[in-house]
Amino acid sequence: TPPPHPGSYTEPDVLCAWVCALRPLFMVPLPSFYRLYYLYNHWIMRTATYFFIFLNLSLAVFEEPAVYPLPFLVTSLVEVLCLLVFFGRLVHFAKVTLRNVFWKDTKNICIMVAILLSLTDLTICGVLRIYNVRSIRWSRIVRPIFLINFAESRQIRRAFRSIRNTLPEITYVFLLFMFSLLMFSLMALKLFGERNLQTAEGMPYFKNYLEIVFDLYVLVTAANSPDVMMPAFDFSSWYALFFIAFVIVNTYIFMSLFLAVVYNNYKKHLKNEIRKLAYMKHRKMIEAFNLLKEEEGAQFVVREARWKQLVKLVAPDTSNSHRELLLRISDDEQKGFIDKKSFVQLADLLNIQVITLKIRSHPLGQWMPRVYKSAASRFLRSMVRHRGFVWTYDIIILINAIFIALDEETPYISYAEWVFLALYIAEILLKVYTYEPRAFFGKNQFWNWFDTLIIFAALTATILNTTLKSTTKYNSQQILDIVFILRVLRLIRIVDSVQRFRVIMNTLINIVPTMLTFGGLTLVVYCIFAIIGMELFYGKIQFFPANSNAPHALECGNPALKDSLFARGKYCKNNFNNFASSFIVLMELTVVNQWHDILCGGSVTVQAAKLYFIAFHIVMVIIIVNIFVSFILEAFFVEYSLEKSEVETAIEQKIQELGMGVQEDELQDEQLLDNMESAEHDLEGEGETKPQSKGLVFKIASKRYRTVDALLQRMFEAEIPLEDEGPSFEEILNLSPATAVPSNLTSESAA
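Residues numbered from 1 in each chain as written. Predicted model: local features only at pLDDT ≥ 70, side-chain atom pairs only at ≥ 80, totals over all residues. Heavy atoms only, no water.

- As annotated in an unreviewed UniProt entry, the chain carries the name Ion transport domain-containing protein and comes from Falco tinnunculus.
- Recorded in UniProt under Subcellular location (unreviewed entry), the annotation for the chain is "Membrane". (UniProt positions renumbered as here; feature names shortened; annotations may be inferred.)

## Details of the sheet that holds strand 1 (residues 294-296)
Working step 1: Taking strand neighbours across the sheet as the criterion, the 3 strands line up as 1-2-3 in an open arrangement whose pairing is antiparallel. Every interior strand has two partners, whereas the edge strands, strand 1 and strand 3 (337-338), have only one.
Working step 2: Where strand 2 (residues 299-303) meets strand 3, 2 bridges bridge the pair, whose relative direction is antiparallel. Bridging from a neighbouring strand, Val302 pairs with Ile338 of strand 3.
Working step 3: Sitting on the sheet, helix 12 (residues 304-314) is in contact with strand 1, strand 2 and strand 3, with an inclination near 55° to strand 2. (Pairing = 2+ DSSP bridges. Helix = DSSP H or I, 4+ residues; strand = E, 2+ residues; numbered from the N terminus. Contact = heavy atoms within 4.5 Å. Axes fitted to C-alpha atoms, helices over the stretch in contact; angles between N-to-C directions.)

## Here's the deal with helix 6 (residues 106-130)
Two residues of an α-helix separated by three or four positions point the same way, owing to the 3.6 residues in each turn.
Working step 1: With 25 residues, helix 6 extends 36 Å from end C-alpha to end C-alpha; this agrees with the ideal 36 Å at 1.5 Å per step.
Working step 2: Where helix 6 is concerned, the buried positions are Lys107, Asn108, Ile111, Ala114, Ile115, Ser118, Asp121, Leu122 and Cys125.
Working step 3: Where helix 6 is buried, its residues touch helix 4 (72-95), helix 5 (99-104), helix 7 (144-149) and helix 8 (154-192).
Working step 4: A positive phi of about 55° marks Asn132, the residue just after helix 6. (Expected span 1.5 Å × (residues − 1). Buried < 20%, exposed > 50% of the residue type's maximum accessible area, 1.4 Å probe, protein only.)

## Some details on the environment of Ile136
Working step 1: Residue placement: Ile136 occurs in the loop between helix 6 and helix 7.
Working step 2: Remark: the alpha-carbon pair of Ile136 and Glu535, spanning 399 residues in sequence, is separated by 7.6 Å.
Working step 3: In this structure Ile136 touches Asp121 and Glu535, once residues within four positions along its chain are discounted.

## Side note on the state of the cysteines
Two cysteines form a disulfide when their sulfur atoms are joined by a covalent bond.
Working step 1: Throughout the structure, instances matching the rule amount to 1 disulfide.
Working step 2: Between the sulfur atoms of Cys556 and its disulfide partner Cys572 the distance amounts to 1.9 Å. The S-S bond linking Cys556 to Cys572 shows a torsion near -65°; that makes this disulfide left-handed. In this pair, Cys556 is assigned in the loop between helix 24 (499-537) and helix 25 (565-568) and Cys572 in the loop between helix 25 and helix 26 (579-591), connecting sequence segments 16 residues apart. (Disulfide = S-S within 2.5 Å.)

## Focus on unusual backbone geometry
Working step 1: For the bond running from Glu64 to Pro65, omega is -10°, close enough to zero to count as cis.
Working step 2: Along the chain, Pro65 falls in the loop between helix 3 (43-62) and helix 4.
Working step 3: Even without being glycine, Phe206 reaches a positive phi, approximately 55°.
Working step 4: Along the chain, the position of Phe206 falls in the loop between helix 8 and helix 9 (209-220).
Working step 5: A residue is classified by how much of its surface remains accessible, and Phe206, at 4% relative accessible area, is buried.

## Side note on the pattern of salt bridges
Working step 1: The tally for this structure, following the rule as stated, stands at 14 salt bridges.
Working step 2: Among the ionic pairs, Glu79 bridges to Arg137, the shortest N-O distance being 3.2 Å. With a gap of 58 residues between them, Glu79 in helix 4 and Arg137 in the loop between helix 6 and helix 7 connect regions that are remote in the sequence.
Working step 3: For Glu79, a relative accessible area of 1% gives the class buried.
Working step 4: Note that Lys308 and Glu304 form a salt bridge whose closest N and O atoms lie 3.5 Å from each other. Taken together, the positions of Lys308 and Glu304, both in helix 12 and 4 residues apart, correspond to about one turn of that helix.
Working step 5: Looking at Glu304, the relative accessible area reads 26%, which means it is partly exposed.
Working step 6: Connected through shared salt-bridge partners, Glu63, Glu79, Asp121, Arg137, Arg140, Arg143 and Glu535 make up one network. (Salt bridge = Lys/Arg side-chain N within 4 Å of Asp/Glu carboxyl O.)

## Observations regarding the pairing of strand 2
Working step 1: Across 3 bridges, strand 1 lies against strand 2 in antiparallel orientation. Bridged to Glu296 within strand 2 is Gln299.
Working step 2: Linkage of strand 1 to strand 2, two consecutive antiparallel strands, is achieved through a turn of 2 residues, within which Gly297 is found at a positive phi near 65°.

This is the structure:
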């Protein structure tokens, strides 16, 4: 059975059981394997790996054609250093993986080939530079391979697999779309080709079939609408029906069909991958139980001491109090051992975030008890806790928004800013007076930190700007810009005051980590197309300042662009002369608007260069953007639709039984728990039925799973009977989306 790959699963691996089983296969002493495994998975090692990956990618900024040129020797040494780090990371991975598994893993082969190609290209380039011969750094296009294929980038590989699995279905739709496009283009040629029409630039209208195909393809994206229609529309209003029919069929129907096909296939293959992970986790947990079990009467169990040792090993960051709570759930009757069913749920227990809250009294209540507990103080604190206090400040924020939009040169408007700052500072001070300060600024209190930092940053910038204006004639536009931005950012606070806004924001926050996967996917595509674009179009377009007298300055340095839309639109800075400019151009192409004008500048060499831009549009806009939309839809559906799982319910019940629970609605609507803060301490007062003035209480962080993977797994785990070990690893890996239940599961078990 293959070992758990480092970084391969969302839940903690039951490491010690696997190490005991695999130690003879690795022929590595047990303590050494522990150290190697934990060193590989240590956050510093992961961070360092990503640092060198992005450092390697960023070398394109400093290599010719460079944004900030550095000597070839410097960039070469940095690249060699990065390659050595990658090779060391790969060797480290080999030390904690079975030899036959390591060499069968395609991603490891890809990394080794990429390292070899990079070193070969670097050597050739260095030799040619000695003889002053310019060479193409073709190996730069393989640099994104390191971002994709390291074990830490599992999510990016999954996204690429989703694209690969979706391509067959997309291909059929795309071929049908191209057939429609070619048919409409042929009709356009017959309708308009012989009527001697001209475009607004005086060019022949719809004379060349390939040009017609391209113009209508651009019309699908609506980038050249209604310009492409106007010559025919001016000739006869009836010709508008042709373009209306084309837009309905190709823009609205086919583009919507693309999204539907991508979403349907993405969801199908994502469910299949998550199902594989769920089966894999289930089987691994049962294997671990079989290795750790001891006989207790008529059943096999895991002893409490070994269970504690295991949890401490696989989840070292879990506090003693949290660990004790999990033990109470797993050993509900406190028999001193954990049965198979409870043991298999350990990974789920560790995936659910339980907030530990420690009860504390306010410092002012200890330092000045008479004042803090007086009638006036209690009235003031009750007023701050009242919902009306929040509504009052919501109204103040809206009034502040009106004043921000007004002319600040008016003295009264300028003075009003100080009034609003004073009100906001008073709000923060009142809340700190009412709520325990360490609870108010707890690590989970994002909005409190946001409010405080924004207010005091705005206060500092405003004081600095006022002081400089009053003492000197210096007027810093940069400081003014900062002040204006900070004032506008204060308005974001209104988001936290509306319940529906908070639901949407919390959902976005929960899926942001996985959204970064598509950021990595986009980065890979951008890097590849940017490097290809620099090799194809470098130097073809030049940017000149507005007052430049250089030849062909108005044509962006290329006579072929004379009187073109590209030159007239002053798009000269949209070029592929360096890595940064290439990224900006690709971003503009992704947005789609006016992308055909940018293409006009890029295709000044040969018309075939249009294929580069069309290929980017197909890959980025039609495929990846639709995959991204599909992911967002699925993530939102999961966030909104899933209720509490059986494991979550068991945790909440145990918390309430221990008398250490906090109702979820007590933390909503900005109602901070009085005298509480996030803490990590041992359980105190376990025998009490209610929290004491000092002690611990627990609360499940609502729907906050560590990853979307863990959230999605809940949708499929009901199919896996706890008593059944399930399919073998080979069968799991070969599961297809069409396979409803593995072959070795009975229909009764599947039901």
